[in-house]
Amino acid sequence: SQKIEQNSEALNIQEGKTATLTCNYTNYSPAYLQWYRQDPGRGPVFLLLIRENEKEKRKERLKVTFDTTLKQSLFHITASQPADSATYLCALVGDYKLSFGAGTTVTVRA
Amino acid sequence: GAVVSQHPSWVICKSGTSVKIECRSLDFQATTMFWYRQFPKQSLMLMATSNEGSKATYEQGVEKDKFLINHASLTLSTLTVTSAHPEDSSFYICSARFRDRDNEQFFGPGTRLTVL
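1. A look at the overall build of chain B
Part 1 of the reasoning: Counting its regular elements, chain B contains zero helices and eleven strands.
Part 2 of the reasoning: The secondary structure elements of chain B, listed N-terminal to C-terminal, are β-β-β-β-β-β-β-β-β-β-β.
Part 3 of the reasoning: Computed over the C-alpha atoms, the radius of gyration of chain B is 13 Å, within 12% of the 13 Å expected from 2.2 N^0.38 for a compact globule of 116 residues.
Part 4 of the reasoning: Its C-alpha atoms put chain B at 40 × 25 × 20 Å along the principal axes.

Shown next, in the form of structure tokens:
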């Protein structure tokens, strides 16, 4: 069966450190993968998209890698700030449909 | 740009009643709209996909007679939860996609439904 697993439910880090989140998937062949941010009681907000032929993508303090051999994506938040505290979701795209992982909740301590 | 709104943001209803949730794309015409449901600490689960002017396509296990979707225009889709029961209590989120950026979905803020 198809599965999307995000490494941990919660991640607590000190301000200024790098948060690294993992997304592993099985029985998917996604054309691309997306990362979203979701704040409590709100809909997800799109952050980054990475295609199957791209190894790495950056946007400001965010970096995403995509390894289709390992079936894994890593999401990094560098120089983290308390405002980065949220739940981060990875989503695989196939036939224009999104399949989401359960998310990792990041808490950045000042 | 690419703003999606939902109304209401929260609703409380009695068991057995029907509830309608609206999803609007405010500054673009949506070729496709999607409805998701999210239970606490769980991932978003796609319920159905709807294209303007055609019937919605429901995901396996989603009752189409219970969750009625109408996509009457390129900027409006509605989800009606019929004969709601406490187990239907959840966070319902819509998203929309448009032709020139069909790799992305733009999400609404969600609607919290509580059925007593």
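2. Examining the confidence of the model for chain B
Part 1 of the reasoning: For chain B, mean pLDDT is 91; residues scoring 70 or higher make up 97% of the total.
Part 2 of the reasoning: When pLDDT is averaged over each element of chain B, strand 11 (residues 111–115) of chain B comes out on top at 97 and strand 7 (residues 67–73) of chain B at the bottom at 90.

3. Regarding the interface of chain B and chain A
Part 1 of the reasoning: Counting residues at the interface gives 20 residues for chain B and 19 residues for chain A.
Part 2 of the reasoning: Roughly 1,600 Å² is buried in total at the junction of chain B and chain A, and carbon and sulfur atoms are behind 53% of that figure.
Part 3 of the reasoning: Its largest share of buried area at the contact with chain A, chain B owes to L44, N103 and F107 of chain B, together 31% of the area lost on that side.
Part 4 of the reasoning: E59 of chain B serves as the salt-bridge partner of K97 of chain A, at 2.9 Å between the closest nitrogen and oxygen.
Part 5 of the reasoning: At the boundary of chain B with chain A, the tally comes to three residue pairs in polar contact (both at pLDDT 80 or more).
Part 6 of the reasoning: Listed by contribution, the elements that provide at least two residues to the side of chain B that touches chain A are strand 4 (32–38), strand 5 (45–51) and strand 9 (90–97) of chain B.
Part 7 of the reasoning: Of the residues contributing to the side of chain B that touches chain A, the split by class is eight nonpolar, seven polar and five charged.

4. Details of unusual backbone geometry
Part 1 of the reasoning: H7 of chain B connects to P8 of chain B through a cis peptide bond whose omega is 0°.
Part 2 of the reasoning: Among the structural elements, P8 of chain B can be located in the loop between strand 1 (4–7) and strand 2 (10–13).
Part 3 of the reasoning: Of note, N27 of chain A is a non-glycine position whose phi angle comes to about 60°, a positive value.
Part 4 of the reasoning: Positioned with a positive phi, K41 of chain B is a non-glycine residue whose angle comes to about 60°.
Part 5 of the reasoning: As for its placement among the helices and strands, K41 of chain B is situated in the loop between strand 4 and strand 5.

5. What to know about the state of the cysteines
Residues and elements named next belong to chain A.
Part 1 of the reasoning: Tallying each qualifying case throughout the model produces two disulfides over all chains.
Part 2 of the reasoning: One disulfide in the model links C23 with C90; its S-S distance is 2.0 Å. Between C23 and C90 the disulfide shows an S-S torsion of about 60°. By sign, it is right-handed. In this pair, C23 is assigned in strand 3 (residues 19–26) and C90 in strand 9 (residues 86–94), connecting sequence segments 67 residues apart. Summarising the burial analysis for this pair, C23 and C90 share the class buried.

6. Structural notes on the sheet that holds strand 8 (residues 76–81) of chain B
Strands in a sheet are paired, the pairing made by backbone hydrogen bonds, and the direction either parallel or antiparallel.
Residue and element names in this part refer to chain B.
Part 1 of the reasoning: Read from one edge to the other, the open sheet built from four strands follows the order 1-3-8-7, with strand pairing classed as antiparallel. The two strands at the open ends of the sheet, each matched to only one other strand, are strand 1 and strand 7. Strand-to-strand, the axes of this sheet are offset by a mean angle of 15°, without reference to chain direction.

7. A few points about the pairing of strand 4 (residues 32–38) of chain A
Residues and elements named next belong to chain A.
Part 1 of the reasoning: For strand 4, the tally of buried residues reaches seven of seven residues, placing the bulk of the element in the interior.
Part 2 of the reasoning: Across the two faces of strand 4 the burial is the same, with Y32, Q34, Y36 and Q38 and L33, W35 and R37 all buried.
Part 3 of the reasoning: Of the strand pairs in this sheet, strand 4 and strand 5 (residues 45–51) are connected by six bridges, and their pairing is antiparallel. Following the sheet pairing, W35 is matched in strand 5 by L48.
Part 4 of the reasoning: Following strand 4, the chain reverses through six residues before pairing antiparallel with strand 5; G41 in that reversal takes a positive phi of roughly 70°.
Part 5 of the reasoning: With seven bridges joining them, strand 4 and strand 9 adopt antiparallel strand pairing.

8. Let's talk about the packing of aromatic side chains
Part 1 of the reasoning: One pass over the structure, following the stated rule, counts eleven aromatic pairs over all chains.
Part 2 of the reasoning: Three or more aromatic residues link up through ring pairs in this structure, and these residues are Y36, F46 and F100 of chain A together with Y36 and F107 of chain B.
Part 3 of the reasoning: Lying across the ring of Y32 of chain A, R51 of chain A places its NZ or CZ 5.7 Å from the centre.

Parameters and conventions
- Residues numbered from 1 in each chain as written.
- Chains lettered and ligands numbered in written order.
- Predicted model: local features only at pLDDT ≥ 70, side-chain atom pairs only at ≥ 80, totals over all residues.
- Heavy atoms only, no water.
- Helix = DSSP H or I, 4+ residues; strand = E, 2+ residues; numbered from the N terminus.
- Rg over C-alpha atoms; globule rule 2.2 N^0.38 Å.
- pLDDT = per-residue confidence, 0-100.
- Contact = heavy atoms within 4.5 Å.
- Buried area = accessible area lost by both parts, 1.4 Å probe.
- Salt bridge = Lys/Arg side-chain N within 4 Å of Asp/Glu carboxyl O.
- Polar contact = N/O pair within 3.5 Å; in protein donor to acceptor, adjacent residues only side chain to side chain.
- Nonpolar A, V, L, I, M, F, W, Y, C, P; charged D, E, K, R; others polar.
- Disulfide = S-S within 2.5 Å.
- Buried < 20%, exposed > 50% of the residue type's maximum accessible area, 1.4 Å probe, protein only.
- Pairing = 2+ DSSP bridges.
- Axes fitted to C-alpha atoms, helices over the stretch in contact; angles between N-to-C directions.
- Phe/Tyr/Trp six-rings, centres within 6.5 Å; stacked < 30°, edge-to-face > 60°.
- Lys NZ or Arg CZ within 6 Å of the ring centre and 35° of its normal.

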